[in-house]
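Understanding the architecture of this molecule
Chain by chain, the residues:
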Amino acid sequence: MENHMSPEGVISCRSLSRSFGEIKALENLNLDVPAGSVFGFLGRNGAGKTTTMRLLTGLAFPTTGRAWIAGIETTNGSSASRAVYGYLPQEPAFYGWMTAEEFLDYVGRIFDMESVRKHYRIEQVLDQVGLAESSRRKISGFSGGMKQRLGIAQAMLHEPPVLILDEPTSALDPAGRSELLDLLVELKGKVTVFFSSHILADVDRICDHIAVLHEGKLLEVAAREDLLARYATDAVEIQFVDSDSEACSTFVRKLQQEKWIESVVEVSCSIRILVSDRETAEVQLPKLAVDSGLLLKRYNWVQPSLEEVFLEMSQ
Amino acid sequence: MVAFYTIIIVLLTVFSPVLAGIWLHRRFVVPWRIFLLGALVFILSQVVHIPLNHLLEDWGVMARQGALTGPVLWRTALVGGLTAGLCEELARLVSFIFMKKRKIEDGLMLGIGHGGIESMVFGGVLTAAAAGALLDLRGVDIQTLEMTQTQLQILELQMDVFLNQPWTLIFTWVERVIAMFLHVSLSILVWKAVVERKPALVLLAVAYHMAVDAVVIVVANSGWVHYQANLAFLLVSLPLVFWALRNWLQQKPAVGIFHKSSAPVFIAAFRKEILGQIRTKRFLIVLSIFAGFGILSPLLARFMPEIIGSIEEARDFAHLIPVPTAADSYGQYIKNLSQFGFILVLLLGMGAVAGEQEHGTAAMILSKPMPRWIFVFSKLLAQALVYFTGLLTSAVFTFGYTWILFGPQDAGPFILINLLLFLWLLTYAGVTLAGSTLGRTSAAAAGFGMGGMVLLLVMGSIPMLGQLAPGGLIAWANQLAWSGTGSMNPGAAAMALVLIVMSMLGSIAVMEKKEI
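Residues numbered from 1 in each chain as written. Chains lettered and ligands numbered in written order. Predicted model: local features only at pLDDT ≥ 70, side-chain atom pairs only at ≥ 80, totals over all residues.

Bringing the sheet that holds strand β4 (residues 64–69) of chain A into the picture now. All names here are of chain A. With antiparallel pairing, four strands are arranged side by side in an open sheet as β2-β1-β4-β5. Edge positions in the sheet fall to β2 (23–33) and β5 (72–73), since each has one partner strand and no second. As judged from the seven bridges shared by strand β1 (residues 11–20) and β2, these two strands associate in the antiparallel manner. Directly across from F20, in β2, lies its bridge partner I23. (Pairing = 2+ DSSP bridges. Helix = DSSP H or I, 4+ residues; strand = E, 2+ residues; numbered from the N terminus.)

On to the environment of A:Y95, then. Note on placement: A:Y95 falls in the loop between β6 (85–88) and α2 (100–110). Here A:Y95 falls in the buried class, since 22 other C-beta atoms lie within 10 Å of it. A sequence separation of 188 residues divides A:Y95 from A:V283, and the C-alpha atoms of the two residues are 65 Å apart. Excluding anything up to four places from it in sequence, A:Y95 contacts A:F103, A:I139, B:G276 and B:T361. (Buried ≥ 20, exposed ≤ 12 C-beta atoms within 10 Å, placed from the backbone. Contact = placed C-beta atoms within 7 Å.)

So, about the interface of chain B and chain A. Each partner contributes to the interface: chain B provides 25 residues, whereas chain A provides 27 residues. Elements with a contribution of two residues or more to the side of chain B that touches chain A: α9 (263–279) and α13 (361–366) of chain B. By residue class, the composition of the side of chain B that touches chain A is 14 nonpolar, six polar and five charged. (Nonpolar A, V, L, I, M, F, W, Y, C, P; charged D, E, K, R; others polar.)

Residue and element names in this part refer to chain B. If you check the domain split of chain B, you get domain 1 (2–136 + 148–251) and domain 2 (266–513). Computed from C-alpha coordinates alone, the two centres of domain 1 and domain 2 are separated by 34 Å. In this complex, domain 1 contributes 19 residues to the contact, which on the side of domain 2 involves 18 residues. Breaking the side of domain 1 that touches domain 2 down by element, the ones donating at least two residues are α1 (2–28), α2 (32–58) and α4 (104–136). Among the elements that take part in the side of domain 1 that touches domain 2, α4 stands out by supplying ten residues, more than any other. (Domains from an automatic or database assignment.)

Right, let's talk about the environment of A:S79 for a bit. Residue position: A:S79 is located in the loop between β5 and β6. Measuring from C-alpha to C-alpha, the distance between A:S79 and A:V236 comes to 54 Å, with 157 residues separating the pair along the chain.

Here's what the structure looks like:
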């Protein structure tokens, strides 16, 4: 077996592609996931997120390219790499005749966990995902949300350095989602979490790195702040305390005479200004606002939401 | 002792290629499908080779089997060697041409598969079949057989060696091991010809194959004893084996994999399978069905005249039914289990892998450090345990009731009957499991499993091959039931073992390539 200690990522893909006949589900993916990050993998339905995860976990085989997790190749058919990550499939399935505790015991045995540690971890993860009281119930009686929680528990059981989670919050209620996201935030820095989602609010809340996949192609990969800054629009929102429409109108007219301003929209003394020369605007706008004699309530450059960035990229 | 050595030889010839394949698979991640491809190369080459030899015999180019001497021997040896070399090496060449990745370890695995199936069939199945035939001739005056004097002399010699020195059977295995090394070496030679685009190496492989086979044929007809023959075979093979070894050492991958022991994972998987069989009530169902047949078979046999007599329309014929015996009880037992066991195996096995894939549990488990071979093999082993327990329960009931209804019985033949039924059930379980890995749904898997079973039934009607089919086990069991001894068919038992092993390897090869 050939190992590849990637200098950049704890998860690495090189020219990873997968085709189904004419359809290219994933095209030439090159990706490095930094160690200890919470990495959000975004994409519309059918973008190739699940295909990527299946290729990473060895459940599917690439048409071309290779992938590594923690330096161990996962695309060569060997099961050697599977001890270093925990994986939650999009639709976790279990043996209905087992109890939650029995399933985790089985998983612990597959990972050859030492008995005392295994029992300790089973109790711990069941508690973490809120299934402690249902641990001896048959899984066949579990709701979708409970199965999702058990899926997360089995992925974390052996304390892997990498967690690969495919839509982990999709079947959870709002409280469950919030608890899971808190849990993942707690893992930040200790465990690398690679998770796909189309719930942008979740990704926005916990991810420090984001990759956007669209129609099998990687459109963007960056630290969250860098990504938002890159897609920041040159727009400013100004709001005044007074609602003196006459003074506001005078201010708007003044602005419209400036060459570095593209457009001005005013509604009830709340003004949105789009500038063509940001540097000049950053100097001139505060001065003009003060000169207008109106009392400033809010002045800020508009930061796009992750949703806006995502929609813009994937259009 | 004869039975003991025959069993040992069958086990050695069947499992030594498998062990070689396991080593290569674990050490260098060579897929099992290359092993199967090697086996297929051998089988397909024989589809051409055997009729070609018959044709050449009809034309008088080669002599038919028998004691050959002089120029006829040399001509037969050289032509026989040439046809073997052409058919087998060209088949190997075609397989390498169509192989996507051609690493040296693939060449090695192809040779192991090729030599492996040859070892299983020629070393295991045919040795067992020959042992059965020779054992049947014990106490028979062979002079009464319709044979030429030369054939009778050869047969007498074979029987003498076989019955008085059964340990010499070990040379069959030694010969197969040398043959495996030779096939691996020839495989590397043809691999090199394809990779380095040197057609002359293919001609060299054909020539070498011809030379070795010719020597073996000449030696076999020269009255040399087994160890001398093996020594000659070894000496003529060694130069190529050393050449192949040198190439392997120069080109093998620098880093091999050293796996942790698979034992804990295997135990975990097997334990889960058994628990699953118990919790889903399958175990109980199998046990109930087998117990039912175990009780019913002797009762039906014993009270059949009374049952017929109680039917008004059939009362006149009741006296025509012979007085039932223990043989009727055992015969009924074999009939019931072979008819319903077939369906039971299909129903229990069809969803074993396909069902898990359909429900998504396979993806959950196979994304963990669970080797796919363990995932499949643990299922067959768990099924084997369930069938064994069911059969044991059934056997205890049948034997007990037969004892009560027909008087004391000798347990020996009945134990052998049950071992044969167990092997028969396992053969079908292996084929069904292979079907289950091929299908993506339980329904598709049932179709594949049924198809495989039909193929085995068809195999039973092919001349020569038919008696080695799984049906031969049932025929043997029936003979034991009716006569207590009868004609043995260890060839069918060895073939069943080969079918189980190859079904298992086929299932693993499919699983390795399967997307979950």
